Amino acid sequence: MATANEVVNVALKQKGNKGTKYWNSYGVPKGTAWCVIFLWWCFNECKASKLFFNGKKTAYVPAVDEWGKKDKLIVSKNNGKKGDIVIFDWGNDGTRDHVGFVVNKNSNGTYETIEGNTNGGRVDTRTRYKSDILHLIRPKYDEEKPKKKYNLKRKLKKGCTGEDVKKLQKKLKIKADGIFGDQTLKALKKYQYNKGWTPSGVVRTKTAHSFGWLYKGK
């Protein structure tokens, strides 16, 4: 299929485009609302149409939201990450108004998004507040493959010491003393929570891969 990075990167390359290519690809008249069509186009471009609306076509925001709920793909809007589909509700009245992709969660709690049919009827990046978000939908993307070749040979948990702990601390942007103590535990749990995972405070396969590491531990 495709990873979240692949789909969002395709979307970002469309920045500035207006609706014509998306209308033509989908087969609808000029002037049709196309924020959903833009998402459909991005998944199709990545040859990953089954990741969106189970491979079917829709241009209707509420239909996307209902698909996300039916397939149990809704995630907390506090824990959005790149590739999540955003269902916007501008009036906070439960109306499903607009959609886009999360590009990044900002440090102040807002989200950077990439959307079609926005900012004067084009593809553009926007900064959006959680208060305008009704739901976040996380498609079943392929897992990102590690980019670096560092081999973590054991699980890391409180009490561990060594160079691998230093590498972990550098990833967490805390003092790298090579001792996995309370500060490292707190920082690791926060990192895992922000990823939308259960914060175990232990580094195994999933967390190691998120750092770009290979995992050889048990």
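So, here's what we can say about the structure.

How each quantity is defined
Residues numbered from 1 in each chain as written. Predicted model: local features only at pLDDT ≥ 70, side-chain atom pairs only at ≥ 80, totals over all residues. Heavy atoms only, no water. Helix = DSSP H or I, 4+ residues; strand = E, 2+ residues; numbered from the N terminus. Buried < 20%, exposed > 50% of the residue type's maximum accessible area, 1.4 Å probe, protein only. Contact = heavy atoms within 4.5 Å. Areas by Shrake-Rupley, 256 points an atom, 1.4 Å probe, with all protein chains shown as cover. Lys, Arg positive; Asp, Glu negative; His and termini not counted. Charge placed at Lys NZ, Arg CZ, Asp CG, Glu CD. Core = buried A, V, L, I, M, F, W, Y, C linked by side-chain atoms within 4.5 Å. Pairing = 2+ DSSP bridges. Phe/Tyr/Trp six-rings, centres within 6.5 Å; stacked < 30°, edge-to-face > 60°. Axes fitted to C-alpha atoms, helices over the stretch in contact; angles between N-to-C directions. Parallel < 35°, antiparallel > 145°, perpendicular 65-115°, else oblique. Left-handed = near helix turned anticlockwise from the far one by under 90°. Arc of directions from axis to C-beta.

Quick look at the overall build of the protein
Link 1 in the chain: Tallying secondary structure elements over the protein gives seven helices and eight strands in all.
Link 2 in the chain: Dimensions of the protein along its principal axes, counting C-alpha atoms only, are 65 × 35 × 30 Å.
Link 3 in the chain: A total of 218 residues make up the protein; the buried ones form 44% of that total.
Link 4 in the chain: Expressed as a percentage of contacts within the protein between residues at least 6 apart in sequence, the contacts between residues at least 24 apart total 52%.
Link 5 in the chain: As displayed, the protein has an accessible area near 11700 Å², and 48% of this comes from carbon and sulfur atoms.
Link 6 in the chain: Of note, the protein has its 46 positive side-chain charges centred 6 Å away from the centre of its 20 negative side-chain charges.

Some points on the nonpolar core
Link 1 in the chain: One finds F52, I85 and F101 to be the most contacted residues of the largest nonpolar core, which totals 38 residues.
Link 2 in the chain: Within the residue set of this core, elements represented by two or more residues are α1 (4–12), α2 (20–26), α3 (35–45), α4 (61–70), β2 (85–88) and β3 (98–105).
Link 3 in the chain: If we skip the residues at most four places from it in the chain, I85 touches L39, F43, F52, V64, W67, G100, F101, H135, L136, I137 and P139.
Link 4 in the chain: Among the nonpolar cores identified, the runner-up in size contains 18 residues, and V165, L168, I174 and W213 belong to it.

Regarding the pairing of strand β4 (residues 111–118)
Link 1 in the chain: Most of β4 sits out of view: six of its eight residues are buried.
Link 2 in the chain: Direction of pairing for β3 relative to β4: antiparallel, over a ladder of four bridges. If you follow K105 over to β4, its bridge partner there is Y111.
Link 3 in the chain: What sits between β3 and β4 in their antiparallel hairpin is a turn of five residues, with G109 showing a positive phi close to 95°.
Link 4 in the chain: The sheet contact formed by β4 and strand β5 (residues 122–128) spans six bridges and is antiparallel. Considered in β5, the bridge of Y111 is made with R128.
Link 5 in the chain: Joining the antiparallel neighbours β4 and β5 is a turn of three residues, in which N119 adopts a positive phi near 50°.

Some thoughts on the environment of T207
Link 1 in the chain: Its location among the elements puts T207 in helix α7 (residues 205–210).
Link 2 in the chain: Assessed through its relative accessible area of 4%, T207 is described here as buried.
Link 3 in the chain: A C-alpha to C-alpha distance of 9.3 Å links T207 and L188, two positions 19 residues apart in sequence.
Link 4 in the chain: Apart from the residues within four sequence positions on either side, T207 is in contact with L188, Y191, Q192, W197 and V202.

Structural notes on the packing of aromatic side chains
Link 1 in the chain: Evaluated as defined, the whole model comprises 16 aromatic pairs.
Link 2 in the chain: Plain terms: the ring middles of F43 and F52 are 5.4 Å apart, the flat faces sit at 10° to each other, and that makes the pair stacked.
Link 3 in the chain: Residue classification places F43 among the buried positions, given a relative accessible area of 0%.
Link 4 in the chain: Considering the side-chain rings of Y150 and W213, the 5.2 Å spacing of their centres and the 70° angle between planes classify their relative orientation as edge-to-face.

Looking at the sheet that holds strand β1 (residues 74–75)
In a beta sheet, neighbouring strands pair by backbone hydrogen bonds and run either parallel or antiparallel.
Link 1 in the chain: Taken together, six strands build an open sheet; the order of strands is β1-β6-β2-β3-β4-β5 and the sheet is antiparallel. Single-partner strands in this sheet number two, and they are β1 and β5.
Link 2 in the chain: In this structure, β2 lies alongside β3, joined through four bridges in antiparallel fashion. The residue bridging V86 from the neighbouring strand is G100, located in β3.
Link 3 in the chain: With respect to the sheet, α3 is in contact with β2, β3, β4 and β5, its orientation differing from that of β3 by roughly 55°.
Link 4 in the chain: Contacting β1, β2, β3 and β6 (133–137), α4 crosses the sheet at an angle of about 55° to β6.

A look at the packing of α1 against α3
Two numbers describe a pair of packed helices, the interaxial angle and the distance between the axes.
Link 1 in the chain: Where α1 contacts α3, the two axes come as close as 9 Å, and the packing angle between them is 120°. Considering their axes alone, α1 and α3 lie oblique with respect to each other. The interaxial crossing formed by α1 with α3 has right-handed handedness. Touching V7, V10 and A11 of α1 are F38, W41, C42, F43 and E45, all from α3.

Side note on α1
Link 1 in the chain: Within α1, the full set of buried residues consists of A4, V7, V8, V10 and A11. The buried residues of α1 occupy an angular sector of 155° when the element is viewed end-on, so they sit on one face.
Link 2 in the chain: In this structure, the buried side of α1 is in contact with α3, β3, β4 and β5.

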